[in-house]
Amino acid sequence: MKSKVKWMTEQLVIRLNKDFQVPAGLTLSPPADELDGPSSIVNILEGYNSVISDTFNGVSQVKMEISSLAGYLNQWRQGHCSEQRPKPSMPGPLQELQSRKEFIHTVSMEALMRVKEFLKLLLKNLDHLETC
């Protein structure tokens, strides 16, 4: 399971690096996303995916890959985690993005950047996948 998640995550980071360059001067506040087992990982991935505009240029493949990774993790979690934990709350940066949806392209770009940072964090902490 970890090897498949690692591969899917690495491919997604490569695609994000290739297709979406960070605009000059755009910086992220320190990420507040934390890895707390598959449930929180799925929640964060789905949350960011939901604020990325479908009309943002070239994003459909990335959104599909984020959904695929979240779906795979969710399916694994349902089969291996007997105790279903309550749905974790949304991290601060994600809540902020969801409240600013009227700035659709700015929100989409920031969400893509945050997904990339979150995926890099996930790659460094693959052991968190097995914590139900």
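These remarks concern the structure in this document. Everything numeric in this text was worked out from a predicted model, so none of it was measured.

### Describing the overall build of the protein
Counting its secondary structure elements, the protein contains five helices and zero strands. The N-to-C order of helical and strand elements in the protein reads α-α-α-α-α. The contacts in the protein between residues at least 6 apart in sequence include a share of 85% that link residues at least 24 apart. Counting every atom, the protein has about 7300 Å² of accessible surface; 51% of that belongs to carbon and sulfur.

### Thoughts on the packing of aromatic side chains
Here the structure, examined in full by the defined rule, presents one aromatic pair. Considering the side-chain rings of Phe20 and Phe56, the 6.1 Å spacing of their centres and the 15° angle between planes classify their relative orientation as stacked. Taken together, the residues span a long stretch of sequence, with Phe20 in the loop between helix H1 (2–19) and helix H2 (37–51) and Phe56 in the loop between H2 and helix H3 (60–80) at a distance of 36 residues. Phe56 carries the same exposure label as Phe20, and that label is buried.

### Observations concerning the side chain of Lys116
Tracing the chain through its elements places Lys116 in helix H5 (residues 104–124). Buried Lys116, no salt bridge; nearest opposite-charge side chain is Glu117, N-O distance 5.4 Å. With residues up to four places along the chain from it excluded, the contact list for Lys116 reads Val13, Leu16, Asn17 and Val22.

### Section: H1
Under the 1.5 Å per step criterion, the end-to-end length of H1 is 25 Å for 18 residues, consistent within 8% with the ideal 26 Å. Residues of H1 that are buried make contact with H3 and H5.

### Quick look at the packing of H2 against H5
Direction vectors running N to C along H2 and H5 enclose 160°, while the axes themselves pass 8 Å from each other. In terms of orientation, H2 lies roughly antiparallel with respect to H5. The crossing of H2 and H5 is left-handed. Counting all contacts with H2, which are made through Ile41, Ile44, Leu45, Tyr48 and Val51, the residues of H5 involved are Val107, Ser108, Ala111, Arg114, Val115, Phe118, Leu119 and Leu122. Counted by class, the contact of H2 with H5 contains 11 nonpolar, one polar and one charged residues.

### Some points on the environment of Lys6
Of note, Lys6 is situated in helix H1. Separated by 118 residues in the primary sequence, Lys6 and Lys124 place their C-alpha atoms 9.6 Å from one another. Those residues in contact with Lys6, other than ones at most four positions away along the chain, are Leu123 and Leu126.

Here is what the cut-offs are and how they apply
Residues numbered from 1 in each chain as written. Predicted model: local features only at pLDDT ≥ 70, side-chain atom pairs only at ≥ 80, totals over all residues. Heavy atoms only, no water. Helix = DSSP H or I, 4+ residues; strand = E, 2+ residues; numbered from the N terminus. Contact = heavy atoms within 4.5 Å. Areas by Shrake-Rupley, 256 points an atom, 1.4 Å probe, with all protein chains shown as cover. Phe/Tyr/Trp six-rings, centres within 6.5 Å; stacked < 30°, edge-to-face > 60°. Buried < 20%, exposed > 50% of the residue type's maximum accessible area, 1.4 Å probe, protein only. Lys, Arg positive; Asp, Glu negative; His and termini not counted. Salt bridge = Lys/Arg side-chain N within 4 Å of Asp/Glu carboxyl O. Expected span 1.5 Å × (residues − 1). Axes fitted to C-alpha atoms, helices over the stretch in contact; angles between N-to-C directions. Parallel < 35°, antiparallel > 145°, perpendicular 65-115°, else oblique. Left-handed = near helix turned anticlockwise from the far one by under 90°. Nonpolar A, V, L, I, M, F, W, Y, C, P; charged D, E, K, R; others polar.

From the geometry alone we can't say anything about function, so treat these as descriptive.
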